[in-house]
Amino acid sequence: MNVRPLLRAVAAGVVVALVATTTPAPVQARIVTTEEALAGSAAGVPVDRSALEALLARDDVRTRLEALGVSPEEARARVQALDDVQAQALAEQLERLPAGGSVIGAVVLVFVILLVTDILGFTRVFPFTRPIR
Amino acid sequence: MTAARRRRARVRVDRPPPGRGDTGPRIGGVRPLRGGARPITLGVALVLVAAALGGCAAPQSAALRAALPAASQAASVDEGARSGAFGRSLAPRASIAGVPFVAQSDYQCGPAALAMALAAAGRPVPLERLIDAVYLPARKGSLQAEMLAQPRRESMLSVPLDGRLASMLQAVADGVPVLVFQNLGLSWAPIWHYAVLIGYDLRAGVVVLHSGTEAATPMSIDTFERTWARAGAWSMIVVDPSRIPSSVDVGTALRAAVALERLDRAAALRAYEALLARAPDDRFVAFARANALLADSRPRAAASAYRALLARHPDFADAWNNLAHALADAGDAAGAAHAAERAVALGGPSARVYLQTAERMRRRADPPAR
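Small disclaimer: the values here were computed from a predicted structure and weren't measured.

1. Overview of the overall build of chain A
For chain A, the helix and strand inventory stands at six helices and one strand. Sequence-ordered secondary structure for chain A, helices as α and strands as β, is α-α-α-α-α-β-α. Each of the 133 residues in chain A was classed as buried or not, and the buried ones make up 33%. Within chain A, residue pairs in contact and separated by at least 24 positions form 29% of the contacts whose partners lie at least 6 positions apart.

And the structure:
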C-alpha cells in the first residue's frame, strides 16, 4: 500500500490550516469600546488582542466552572456576568483563589490554637468566644 | 514572622495605646489570666505565639479611633483627611436598620450575603437563584469575582471598595451595607467567610455583622479588621445604578457600570447619567454614555454626546472614531469622513482601527463613479 500520496495530502492540509489560523484577522472599521478605551489609557494594549484574549478567557473559565460542578447552562450565564479583567484573572488562577464558604469546618488539629487566638481577638472562628479586649 | 512584629506585639501588651483602654467587650473569666505574675507570663507568651502565627496589627481601626475626639470637636478638613474619610469626618457610629437577615446553610455564606446586600439595595432575589449563580460545589464556597459579577445579572451595580476600613464604615454611614470577605482562621489555616457589615460604633470599638447564622452580631472592630485584612482587605457594595454613593470614586464606579453594560445596557446608562451629573468633565464617563447610546441604536443622541465630549476634550481620538460611526448611522456621510480623519490625525494605540474607519467613511462620502 502506497502511503506517500496520503501523507502528502495530510501535510498539505496541515500547512493550509496553520497558515489560515495564524494569519492575523483583518482589522475592521468599528467603534472603540469603553472597555478598550479604559484599558488602552492604562496599558496601551492593542484592542484586537485584548478583545480576543477576553473571549478565550471566558471560554476557559466556563469549562472550569463546569468541572467544579456548575451546570453548563449556568456556567455560560456566569461567565457572561464577568468583566474582561475578571475573566482573565479567573482563567489564570481559578483553582488557587480562596472560596468563601462557611464558619464551620475548622480542622481538629488547629482547634486549640484557633480557640486561643479567638480569645485573644486575632481570629473569630467560634461564635461562643469573646475576645479579651 | 519578623522580629519587628514580635517587638510590636510585646509593646502592645505592656503599654496599650491611649484611647483603647476601657473599650471593647471583656469577659471577667478571661481577664485574671493576666492578673498575677505567672499568668502574665503565660498571657504574653500566648500573645507572642498568636502574633507569630497570625499577625496581630489592627492599625486602621486604631487610627480611626485615635482620631475620634478631635473629629467630634471640629470637623476640619485636616482631621477628616487624617481619619481617611474622604475629606469629611466619619460619623463615630452608624447602623442601618431593616437589612433583612438571611441565614446561611452549609457552605453557602456567599449566596446568603448576596441575598442580604441585594435586598437592602431594593432587589430581593430568592436564595436558590443566588446559590446557582455563585456557589461552586467542588470548592464548597464562592469566588470573589463571581460575587461581584452576580448582582449585574439582577441589573444592580456591584462596586469593589478600596482596602481601607474607613471606606467600609463610610458606606455604612451612607446607608449602604457592605459585603465583606473575611479569613476567620489564620493565614496558614484559612477559614474563608462572607458577611454583611451593617453597623459600627468607633467609641465602643465594635462592628455589627449579619454573619453565618447570626443576625446583627457584634464583633470587636480590631478582630474584624484583622479577619478582613487577612482575606486581602476585600469588600464590595451593591447599589441601584442611579444611586451610587458619593464616597465611591468616579473611576471605580465607571468600571462597575461598564461591567454592568455587558448584561443590561439600560441600567448601565442610568449609572453613566448619574456619574456624568457628578463628574461632567470626566472623558471616560461621557465616552461610556455616548457608546451606550450608539449601541442602543440612538445614533443622533450618541453623536451629540460625542460632540459635547469632544468640545471639552478635542484630543480624544477614540471619540472621534466613534463619532464617525454615529454620524454615518445618522446619515451624515461627510461629517463621518471628517470625524474619522480627525481620529487618524491624532493616532494612538487604536490607530489601525481609525484608518479602517476613515477608509470606509471616505468610500461612503465619495462613492466611486459608476
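2. Some remarks on the overall build of chain B
Looking only at helices and strands, chain B has 17 helices and nine strands in total. Taking the intrachain contacts of chain B between residues at least 6 apart in sequence as the baseline, contacts between residues at least 24 apart amount to 58%.

3. Remarks on the packing of helix 14 (residues 299-312) of chain B against helix 15 (residues 317-330) of chain B
Residues and elements named next belong to chain B. Contact geometry for helix 14 and helix 15: axes closest at 8 Å, N-to-C directions at 150°. In terms of their interaxial angle, helix 14 and helix 15 are classed as roughly antiparallel. Seen along the crossing, helix 14 lies across helix 15 with a hand that is left-handed. For the pair helix 14 and helix 15, the contacting residues are Pro299, Arg300, Ala302, Ala303, Tyr306, Arg307, Leu309 and Leu310 in the first and Ala319, Trp320, Asn322, Leu323, Ala326, Leu327, Asp329 and Ala330 in the second. In the contact of helix 14 with helix 15, the residues fall into twelve nonpolar, one polar and three charged.

4. Details of the nonpolar core
Among the nonpolar cores identified, the biggest contains 130 residues, and Leu179 and Ala257 of chain B are the most heavily contacted of them. In contact with alanine 257 of chain B, not counting residues within four places along its chain, are Leu157, Pro241, Ala268, Ala271, Tyr272, Leu275 and Ala288 of chain B.

5. A few points about the interface of chain B and chain A
The interface of chain B with chain A comprises 73 residues on the first partner and 55 residues on the second. With seven residues, the top contributor of residues to the side of chain B that touches chain A is helix 8 (residues 144-153) of chain B. Grouping the constituent residues of the side of chain B that touches chain A by class yields 36 nonpolar, 19 polar and 18 charged. Across two bridges, the pairing between strand 1 (residues 99-100) of chain A and strand 3 (residues 141-143) of chain B is antiparallel. Pairing of glycine 100 of chain A across the sheet is with serine 142 of chain B, part of strand 3 of chain B.

6. Points about unusual backbone geometry
Residues and elements named next belong to chain B. One non-glycine residue with positive phi stands out, namely alanine 233, at about 50°. Its location among the elements puts alanine 233 in the loop between helix 10 (221-229) and strand 9 (235-239). Under the C-beta neighbour-count criterion, alanine 233 is labelled partly exposed, with 18 such atoms within 10 Å. One non-glycine residue, serine 297, adopts positive backbone phi at about 60°. Relative to the assigned elements, serine 297 resides in the loop between helix 13 (283-295) and helix 14.

7. Comments concerning the environment of lysine 140 of chain B
Of note, lysine 140 of chain B is situated in the loop between strand 2 (135-136) and strand 3. Residue lysine 140 of chain B is classed as partly exposed on the basis of its 17 C-beta neighbours within 10 Å. For lysine 140 of chain B and aspartate 106 of chain B, which are 34 residues apart along the polypeptide, the C-alpha to C-alpha distance reads 8.6 Å. Among all residues touching lysine 140 of chain B, those that are not within four sequence positions of it are Ala99 and Gly101 of chain A together with Tyr107 of chain B.

8. Things to note about the packing of helix 11 (residues 250-261) of chain B against helix 13 of chain B
Residue and element names in this part refer to chain B. Following both chains from N to C, one finds helix 11 and helix 13 inclined at 15°, their axes separated by 10 Å at the closest point. With respect to each other, helix 11 and helix 13 are oriented roughly parallel. In the packing of helix 11 onto helix 13, the handedness of the crossing is left-handed. For the pair helix 11 and helix 13, contact is made by Val250, Leu254, Ala257, Val258 and Glu261 and by Phe284, Val285, Ala288 and Ala292, respectively. Among the residues forming the contact of helix 11 with helix 13, the class breakdown is eight nonpolar, no polar and one charged.

9. Concerning the confidence of the model for chain B
Residue and element names in this part refer to chain B. Model confidence for chain B is summarised by a mean pLDDT of 84, while 78% of its residues fall at 70 or above. Segment residues 1-37 is flagged for pLDDT under 50; beyond a separation of four residues in sequence, or across chains, it makes 44 contacts in the model. Note that pLDDT drops below 50 for residues 71-87; the model gives that stretch 29 contacts with residues more than four away or on any other chain. The ipTM value of the predicted complex is 0.72, and its pTM value is 0.75.

10. Side note on the environment of threonine 223 of chain B
All names here are of chain B. By secondary structure assignment, the location of threonine 223 is in helix 10. Judged by the 29 C-beta atoms lying within 10 Å of it, threonine 223 falls in the buried class. Distance in space between the C-alpha atoms of threonine 223 and leucine 184 is 9.3 Å, their sequence separation being 39 residues.

11. A few points about the sheet that holds strand 2 of chain B
Taking strand neighbours across the sheet as the criterion, the three strands line up as 1(A)-3(B)-2(B) in an open arrangement whose pairing is antiparallel. What marks the edges here is a single partner per strand, and that holds for strand 1 of chain A together with strand 2 of chain B. Across two bridges, strand 2 of chain B lies against strand 3 of chain B in antiparallel orientation. Its bridge partner lying in strand 3 of chain B, tyrosine 135 of chain B is registered against serine 142 of chain B. In this fold helix 6 (residues 109-120) of chain B packs onto strand 1 of chain A together with strand 2 and strand 3 of chain B, with an angle of close to 60° to the strand it touches most, strand 3 of chain B.

12. Notes on helix 17 (residues 351-365) of chain B
Residue and element names in this part refer to chain B. Between its first and last C-alpha atoms helix 17 spans 21 Å; for 15 residues at 1.5 Å apiece the expected length is 21 Å, and the two agree. Of the residues making up helix 17, those classed as buried are Val353, Tyr354, Thr357, Ala358 and Met361. The buried residues of helix 17 occupy an angular sector of 135° when the element is viewed end-on, so they sit on one face.

13. What about helix 11 of chain B?
For an α-helix, the turn length of 3.6 residues means that residues three or four places apart are oriented alike. Over its twelve residues, helix 11 of chain B extends 16 Å from the first C-alpha to the last, a length consistent with the 16 Å expected when each residue adds 1.5 Å. Among the residues of helix 11 of chain B, Ala253, Leu254, Ala256, Ala257, Val258, Ala259, Leu260 and Glu261 of chain B are the ones counted as buried.

14. Regarding the pairing of strand 8 (residues 214-220) of chain B
Residues and elements named next belong to chain B. For strand 7 (residues 206-211) and strand 8, the ladder comprises five bridges, and the chain directions are antiparallel. Paired with leucine 209 across the two strands is threonine 217, which belongs to strand 8. The turn joining strand 7 and strand 8, which pair antiparallel and follow one another in sequence, is formed by two residues; a positive phi near 60° is taken by glycine 212.

15. Let's talk about the confidence of the model for chain A
Scored by pLDDT, chain A has a mean of 75; 65% of the residues are at 70 or more. Confidence, read as mean pLDDT per element, is least for helix 1 (residues 4-22) of chain A in chain A (62) and greatest for helix 4 (residues 72-80) of chain A (94).

The rules behind the values
Residues numbered from 1 in each chain as written. Chains lettered and ligands numbered in written order. Predicted model: local features only at pLDDT ≥ 70, side-chain atom pairs only at ≥ 80, totals over all residues. Helix = DSSP H or I, 4+ residues; strand = E, 2+ residues; numbered from the N terminus. Buried ≥ 20, exposed ≤ 12 C-beta atoms within 10 Å, placed from the backbone. Contact = placed C-beta atoms within 7 Å. Axes fitted to C-alpha atoms, helices over the stretch in contact; angles between N-to-C directions. Parallel < 35°, antiparallel > 145°, perpendicular 65-115°, else oblique. Left-handed = near helix turned anticlockwise from the far one by under 90°. Nonpolar A, V, L, I, M, F, W, Y, C, P; charged D, E, K, R; others polar. Core = buried A, V, L, I, M, F, W, Y, C linked by C-beta atoms within 7 Å. Pairing = 2+ DSSP bridges. pLDDT = per-residue confidence, 0-100. Expected span 1.5 Å × (residues − 1). Arc of directions from axis to C-beta.

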